[in-house]
Structure formats: structure tokens, C-alpha cells
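Spelled out, the chains give:
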Amino acid sequence: MYLISVKRRQPLKLLFLCLMLSLFTIKIFLSLKLDLYSDEVFYWQASSLPAIAYSDLPFITAFLVGLGSFLDSHSTLAVRSFFILIGSSIPFLIYWLALPITNKKDALQSAFLTLCLPLLGFLGLLAVPDAPLIFFGILSMGFFERALRTNLTKFWIATGVFVALGLSTHYRFLLYPASAILFLILFSPARNQWKNPRLWLCMLIASIGLIPILWFNFSYSFESASFYFVDRHPWEFNRAGLLHVFEQALITSPPMYLLFLTAIYLMIEKVKTRFLP
């Protein structure tokens with residue numbers, strides 16, 4: 001009777017855990033069956049030559065591949081093992097991220113909804129930077145929110161550490177600290193943080209993550225930065241680019257973009273009355 005009552009009170013929690021276990025099992029099965037594809041092979045080869053940065057990325061991805069390869073260098077599952085663990089932790093991190101600004105029920109719903117996103121549900125199946133990028137991004141946002149709300153030094157330090165790790169993963173992570181800086185500039189209640197020495201400590205720690213990128217680019221005539229910021233993009237106006245957002249919404253998940261817009265609208269309405277917690 002007790003188990004039945006628990007199931008009645010917590011059906012979403014049980015469904016969430018069942019879906020998590022199912023997705024994790026599918027990831028394990030596919031990782032065993034699928035050969036490494038080109039990018040994964042590159043990171044696997046790079047992991048055999050440890051460095052703080054490589055031609056296209058800093059060291060985190062190759063480092064994680066190397067840790068997995070240490071378990072069994074001839075197993076595709078071992079190579080992908082840490083990425084599977086990281087990708088499978090994202091729903092739990094979403095719960096942790098949402099909990100301080102909502103209640104347990106809504107936080108659980110947020111975590112459950114992440115499993116409904118096709119690209120996020122199978123995150124970590126491949127040994128590529130996407131999983132650690134999102135992993136470090138969520139951690140940095142969560143600790144940044146806690147730092148702003150409590151001003152505890154441990155949260156500012158944690159924010160800096162995870163931003164540094166994110167910057168050591170991929171150039172794209174620059175969007176996270178850039179967004180935080182933009183928030184501190186544009187959101188008037190948060191502008192006082194520029195006088196907070198803990199913020200500057202956080203930024204100092206975070207800047208350590210730029211060392212691998214800067215080291216490689218200064219050593220090789222900025223070839224890596226040139227590839228990402230010049231050669232890879234034509235930097236010419238193209239009217240077709242105006243449709244990019246809509247194309248991405250259609251390809252990935254239209255409901256997700258609708259939820260994004262709804263969340264932005266609700267947050268704007270919320271900050272009109274009081275500071276976000």
C-alpha cells in the first residue's frame with residue numbers, strides 16, 4: 001500500500017527516472033555498436049599527445065576522451081564513457097538550476113522536459129564538445145545565480161572555475177561569460193556588482209580558461225582563431241541568413257523555441273516588479 005501511495009504522489013518522478021534509465025541504456029547500446037566517426041577519431045588521436053590546446057579546440061574534449069581510452073583504448077564505449085555520463089547528468093543539473101528560483105515540483109518538470117528534446121535526450125552519445133559545453137554552461141549559470149543572490153565567496157569561485165573549464169572546451173563557450181557581462185551592464189539592479197571584489201575574483205579565475213586558446217594562437221600565428229572567426233564564415237550579408245533562426249527552430253524542436261520565447265516574456269514581466277531571485 002505504501003508503494004502504491006508513493007507512486008500516486010510522485011508519478012512524474014518515477015516516469016522521469018524510468019525515462020532516464022531507458023535513455024542511458026540506449027546510449028550504452030549505441031555506443032557499443034557505432035564506430036567512432038571522424039571528429040571522434042581526431043580527438044582520440046589527439047588524446048594520445050597531451051597538450052593544453054589543439055588546432056581547432058582547447059584540451060577538455062581530448063582530455064575526456066583520453067580518460068575513457070585509459071579504461072580500454074579499443075572500446076568505443078570507453079572512449080565515449082565520460083561524455084555519456086556528462087550528457088546523462090544534464091536533466092539533474094536542470095533540476096538543480098531551477099530549484100532556487102522555483103519549487104521542487106516545477107524544477108522536476110523542467111528536468112523532465114529536457115528528456116523531450118530530441119537533441120538533448122541523446123547528448124553525450126558521441127565524444128564531441130557539445131556535452132561538456134552544456135555541462136559547464138549550466139554549472140556556471142547555476143553558480144552565477146547563487147553568487148548574485150547570496151554573494152557567498154564559494155559561489156563566485158565556483159562560477160569562475162566552471163567558466164574557465166568551459167573556455168577550455170570550445171570557442172563557443174565565450175557566449176556564456178559574454179551574456180553574463182551583458183546582463184551586469186544592462187540590468188540596472190545588478191550594476192552594483194561591478195563594485196564587488198568577489199566578481200573580479202571570479203573573472204580572474206575564469207580568465208585562466210583563456211590560456212589554452214591564447215597559447216595556441218600566439219604559437220601558431222592565430223591559425224585557430226582565424227579559422228573560426230574569418231575563414232569559416234564569409235562575413236557578408238545574405239538575406240537567406242534572416243531565416244536561420246526559423247530553420248533552426250524547425251530542425252531542432254519548435255516547441256522548445258516557443259517555450260524559450262514564453263520564458264523570456266515571463267521573466268521580463270517578472271523583473272518589472274522585482275529583482276529576480
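Provided above is the structure to which this section pertains.
Attention in this report is confined to the structure presented alongside it. As the structure is a computational prediction, the values presented were derived from the model and not from experiment. (Residues numbered from 1 in each chain as written. Predicted model: local features only at pLDDT ≥ 70, side-chain atom pairs only at ≥ 80, totals over all residues. Heavy atoms only, no water.)

Time to look at the pattern of salt bridges. Pairing is possible between side chains of opposite charge, provided their charged atoms come close. Under the counting rule described, the total for this entry stands at 3 salt bridges. Of the charged contacts, one joins R80 and E40 as a salt bridge, the two residues approaching to 2.8 Å between their closest N and O atoms. With R80 in helix α5 (residues 76-98) and E40 in helix α3 (residues 38-47), this pair connects stretches of sequence that are 40 residues apart. Like R80, the residue E40 is buried in the burial classification. Linked by salt bridges that have partners in common, E145, R146 and R149 make up one network. (Salt bridge = Lys/Arg side-chain N within 4 Å of Asp/Glu carboxyl O. Helix = DSSP H or I, 4+ residues; strand = E, 2+ residues; numbered from the N terminus. Buried < 20%, exposed > 50% of the residue type's maximum accessible area, 1.4 Å probe, protein only.)

Of note in this structure, N151 is not a glycine but carries a positive phi near 60 degrees. Residue position: N151 is located in the loop between α8 (130-150) and α9 (153-167). Here N151 falls in the partly exposed class, since its relative accessible area comes to 27%. Located in the positive-phi region is F222, a residue other than glycine, with phi close to 60 degrees. Along the polypeptide, F222 turns up in the loop between α12 (211-219) and α13 (223-231). Residue classification places F222 among the partly exposed residues on the basis of a relative accessible area of 38%.

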